[in-house]
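Working through the structure, step by step
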Amino acid sequence: MKIRASTIVGSIIMLVLIAYVVMPIATVFLWAFAEKWTYPALLPTEWGLRYWHTTLARADVLSALRLSLALSVTVTLLSAVICLPAAYAFARMEFVGRRTFMMSFLAINAFPRFGLIVMIATLFLSLRLVGTFWGIVLVQLLNTMLIMIWLPSAAFRGVDRRLEEAARDVGAGPVRTFIRITIPQAAPAIGAAMLLTFVSTFYETEGAWLVGAPKLRTMPMVMLQMITGQIVVQYGAVLSVLLWVPSFIALLFARRVLASNQFAKGFGA
Amino acid sequence: MAKLELKGIEKRYGNMAAVSDISLEIASGELVCLLGPSGSGKSTLLRIMGGFEKPTAGSVLIDGIDVTATAPENRPTAMVFQSHALWTHMNVFENIAFGLKLRKMSRTEIARKVDAALDLVGLTDYGKRSPLRLSGGQQQRVAIARCIVLEPKILLMDEPFASLDQHLRERLREEVRNIQRELGITTVFVTHGQDEALAIADRVVVMSVGKINQVGGPADIYAQPQDKFVAGFIGAMNMIDGHVSSGVMDAAGFKVRVPLPDGEATLAVRPEKLAIAAQGGDVSASAKITRVVHFGAYRTVEATTDGVNRVKIHADTETVLEPGQHIFLDPVHFSVFKDGHDVFRSAAVLR
């Protein structure tokens, strides 16, 4: 059997990529379950869940986890309530400048986030929103708009109008039709968008830090502090693995939707 | 059971009129077909009846009550869509029960009605299935059940069988006809298939370019088309241009006596109204066979009368007919159109 040069080159590139992407993650994973790992050993010398217990028992971790979950749930639900009807309007209603409006969302997202948030934080300072739960909610809500409007809008466009008309026909009003027919029909994309929103809010640092700190500290902020300020590597590793789980689930779920052509449709294609 | 009236309906999109000047009365319990090619405005008209489009002018009345401004959910109409439009996130039972639940019926009442509707369309015990696991024909039956379970006054069907194969289409058509008769429900049925319209309808409304060309029973529409469009659209028709002088029309070899002023006109003869003869008569045209096609029960013969005009003739399967053979053709029954309108119709057999 003859092996082509391109196959060999391709294989080498892939191996390098795998090493580059997988190695750091594997190291973090190993550290999370390692109790002792001294230099010459290739693998940890002592395995165990001790650091999981101690990490999860820390008061700052627990309160941060509670705050992060409360924030993520609030922001995701609020975002859904605000953005889904807007997404539907973009999908169904024809108005002048619809495309431009959709593209402007992209433009806003391309704007340097940090600068924008500093501006907002200054504004919040005078509104006495700095250091409050709802202050963080407001600033994080801004970040979710793009994905919560764009993705569902594409999905709504994919819903056959006849399905809605059939519902109207048997006696459902416009609102009931939207809730009982349109949303369930677009459920996979909406689910993916909500998961992505949840996860991105969970990991969001800039807004939470500028508006919330030092009074309120979210999970990523605690993690950051543990990684940079502690000698024990395991705390950071455990938290990383812990925080990796939701985003991994979200990505698995979103992959199906993003792979379909619904995402492309969001661009008005 | 309800009467449906359309008065001076017009629907414009910008400058383009999708339908215009439509007035129509549909009697209680009647099955009326809207028949026309795509772009004739028949679906727009149906959607106006269902409340999905607002007419630019005119009014829709059901049992004498003006519903022009009434939303679909408040109209006593039910629509069967071409795409079936079943809600895939619900099972068959839930699809049919959805409208009943909105009407705040008790659970037992809903179950009883849904089961009865499923029985009626021949889908007993299919309630728990997902619509995605049904065939196209079964999906359309569910769509029909979803409508009739609500006991609407008017049933609207928008090319309901267009996506089904010929065999299934014919069967469902019979079933719909039976259900419609049994329930006595006023029905408007949109189709672009003339055989479908002729087979199912009490009355056929032939439409083209947003206007009604002719309204009549299937037999009338076929035998007495009022204009050239209807004549050409319903069934096969030989249209031969010719001219009239001193009461005799000459059209590619056919010479027929017509009480018309001199000028251009078109002779229209159905393929089954052309008789093949071995000997020529007064009105006969001599013709040369170019093609013979067998259809089992009959044959169609294509021939040219003057070397240019082609005509189609239905022939039995016994007579010897072969390409190249010379024959004579007698128009047994014919119409003459002038400026697109029917101006003369031969009364009886001419020979």
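Presented here is a report on the structure given in the accompanying data block. Since we're looking at a predicted model, the values are computed, not measured.

The rules we used
Residues numbered from 1 in each chain as written. Chains lettered and ligands numbered in written order. Predicted model: local features only at pLDDT ≥ 70, side-chain atom pairs only at ≥ 80, totals over all residues. Heavy atoms only, no water. Helix = DSSP H or I, 4+ residues; strand = E, 2+ residues; numbered from the N terminus. Buried < 20%, exposed > 50% of the residue type's maximum accessible area, 1.4 Å probe, protein only. Contact = heavy atoms within 4.5 Å. Areas by Shrake-Rupley, 256 points an atom, 1.4 Å probe, with all protein chains shown as cover. Core = buried A, V, L, I, M, F, W, Y, C linked by side-chain atoms within 4.5 Å. Pairing = 2+ DSSP bridges. Axes fitted to C-alpha atoms, helices over the stretch in contact; angles between N-to-C directions. 1 Å grid on protein atoms, 1.4 Å probe; cavity = no way out; pocket = protein on both sides within 12 Å on 5 of 7 lines; lining within 4 Å. Points joined across faces, edges and corners; volume = space filled by probe spheres on them. Buried area = accessible area lost by both parts, 1.4 Å probe. Salt bridge = Lys/Arg side-chain N within 4 Å of Asp/Glu carboxyl O. Polar contact = N/O pair within 3.5 Å; in protein donor to acceptor, adjacent residues only side chain to side chain. Phe/Tyr/Trp six-rings, centres within 6.5 Å; stacked < 30°, edge-to-face > 60°. Lys NZ or Arg CZ within 6 Å of the ring centre and 35° of its normal. Nonpolar A, V, L, I, M, F, W, Y, C, P; charged D, E, K, R; others polar. Patch = residues over 30% accessible without salt bridge, like charges linked within 9 Å, V, L, I, M, F, W, Y side chains within 5 Å. Lys, Arg positive; Asp, Glu negative; His and termini not counted. Charge placed at Lys NZ, Arg CZ, Asp CG, Glu CD. Parallel < 35°, antiparallel > 145°, perpendicular 65-115°, else oblique. Left-handed = near helix turned anticlockwise from the far one by under 90°.

Along the backbone of chain A there are 13 helices and 2 strands. Each principal axis of the C-alpha atoms in chain A carries an extent, and together these give about 70 × 70 × 35 Å. Every one of the 269 residues in chain A was classed for burial, and the buried ones make up 38%. The contacts of chain A with a sequence gap of at least 6 include a subset with a gap of at least 24, amounting to 73%. Accessible surface for chain A amounts to roughly 15100 Å². Of this, 73% is attributable to carbon and sulfur atoms.

A:F156, B:M49, B:W87, B:I96 and B:F98 are the most contacted members of the largest nonpolar core, which totals 103 residues. Leave out the neighbours within four places in its chain, and B:W87 touches A:L163, A:A166, A:A167, A:V170, A:I181, A:Q185, B:N95, B:F98, B:P131 and B:R146. Membership of the second largest hydrophobic core comes to 29 residues, among which are B:F254, B:L274, B:A303 and B:I327.

Residues and elements named next belong to chain B. The mixed open sheet is built from 6 strands, whose spatial order is β6-β7-β8-β3-β9-β10. Each edge of the open sheet carries a strand with a single partner, namely β6 (77-80) and β10 (211-216). Neighbour-to-neighbour, the strand axes of this sheet turn through a mean angle of 20 degrees, independent of strand direction. Sheet topology places strand β7 (residues 154-158) next to strand β8 (residues 186-191); 5 bridges connect them, and they run parallel. From the neighbouring strand, I154 faces β8, where its bridge partner is T186. The strands that helix α4 (residues 136-148) touches are β6 and β7; relative to β6, the one it contacts most, it runs at about 175 degrees.

Residues and elements named next belong to chain B. Under the definition given, this model contains 2 cavities of 30 Å³ or more. If you add up the space inside the second largest cavity, you get close to 40 Å³. I144, L155, M157, V176, I179, Q180 and I185 together form the lining of the second largest cavity. Those elements giving two or more residues to the lining of the second largest cavity turn out to be β7 and α5 (166-183). Top element by residues in the lining of the second largest cavity is α5. It accounts for 3 residues.

This part covers unusual backbone geometry. Even without being glycine, B:D21 reaches a positive phi, approximately 55 degrees. As for its position among the elements, B:D21 is in strand β2 (residues 16-26).

Taken residue by residue, the interface counts 22 residues in chain B and 18 residues in chain A. For the pairing of chain B and chain A, the buried interface totals around 1800 Å² over both sides, and the portion due to carbon and sulfur atoms is 58%. The partner of A:R168 in a salt bridge is B:E73, with the nearest N and O atoms 2.7 Å apart. For the interface between chain B and chain A, the tally reads 8 residue pairs in polar contact (both at pLDDT 80 or more). Those elements that provide at least two residues to the side of chain B that touches chain A are β6 and α2 (92-102) of chain B.

The next point concerns the pattern of salt bridges. Scanning all chains against the criterion turns up 21 salt bridges over all chains. Notably, a salt bridge pairs B:E302 with B:R291, separated by 3.3 Å at the nearest N-O pair. Of this pair, B:E302 sits in strand β17 (residues 299-304) while B:R291 is found in strand β16 (residues 285-294), placing the two residues 11 residues apart along the sequence. On the basis of relative accessibility, which here comes to 15%, the residue B:E302 falls in the buried class. Overlapping salt bridges, with partners in common, bring together A:R162, A:E165, B:K11, B:R47 and B:E53 in one network.

What follows deals with the packing of aromatic side chains. Counted according to the given criterion, the structure contains 13 aromatic pairs over all chains. An angle of 15 degrees between the planes, with centres 5.3 Å apart, marks the rings of B:F229 and B:F233 as stacked. Taken together, the residues span about one helical turn, with B:F229 and B:F233 both in helix α8 (residues 228-233) at a distance of 4 residues. Given the relative accessible area of 27%, B:F229 is considered partly exposed. Counting every residue linked through ring pairs, the aromatic cluster contains A:Y88, A:F156 and A:F178. The ring of B:W87 is capped by B:R146, whose NZ or CZ atom sits 4.2 Å from the centre of that ring. Just above the ring of B:Y222 sits the side chain of B:R270; from NZ or CZ to the centre is 3.8 Å.

This paragraph deals with the layout of surface pockets. All names here are of chain A. The space that makes up the largest pocket amounts to roughly 380 Å³. When residues of the lining of the largest pocket are traced back to their parent elements, those giving at least two are α3 (59-92), α7 (161-169) and α8 (174-185). Looking at the lining of the largest pocket element by element, the count peaks at 5 residues for α8. A per-class count over the lining of the largest pocket returns 7 nonpolar, 3 polar and 5 charged. The space that makes up the second largest pocket amounts to roughly 190 Å³. Surrounding the second largest pocket, 14 residues form its lining, R113, N143, T144, S200 and T201 being those nearest its centre. The element best represented in the lining of the second largest pocket is helix α6 (residues 133-158), accounting for 5 residues. Of the residues that constitute the lining of the second largest pocket, the class distribution is 4 nonpolar, 7 polar and 3 charged.

Turning next to the side chain of B:T266. Residue and element names in this part refer to chain B. By secondary structure assignment, the location of T266 is in strand β14 (residues 263-269). At 3.4 Å, the side chain of T266 and the side chain of K228 are in polar contact. Within the structure, T266 has its side chain in polar contact with the side chain of D241 (distance 2.9 Å). Discounting chain neighbours no more than four positions away, the residues touching T266 are K228, M239, I240, D241, M249, S335, V336 and F337.

Moving on to a positive patch on the surface. Among the surface-exposed residues, A:R176, A:R180, B:K101, B:K104 and B:R107 lie close enough to one another that they form a single positively charged patch. Relative to the helices and strands, B:R107 resides in helix α3 (residues 107-120). Residue B:R107 is classed as exposed on the basis of its relative accessible area, which comes to 75%.

Residue and element names in this part refer to chain A. At a minimum axis separation of 10 Å, α7 and α8 run at an interaxial angle of 140 degrees. One element, α7, and the other, α8, form an angle in the oblique class. As α7 packs across α8, the resulting crossing turns out to be right-handed. In this structure, α7 uses L163, E164, A167 and R168 to contact α8, whose residues at the interface are P174, T177, I181, T182 and Q185. Broken down by class, the residue content of the contact of α7 with α8 amounts to 4 nonpolar, 3 polar and 2 charged.

That's the geometry; what it means functionally is another story.
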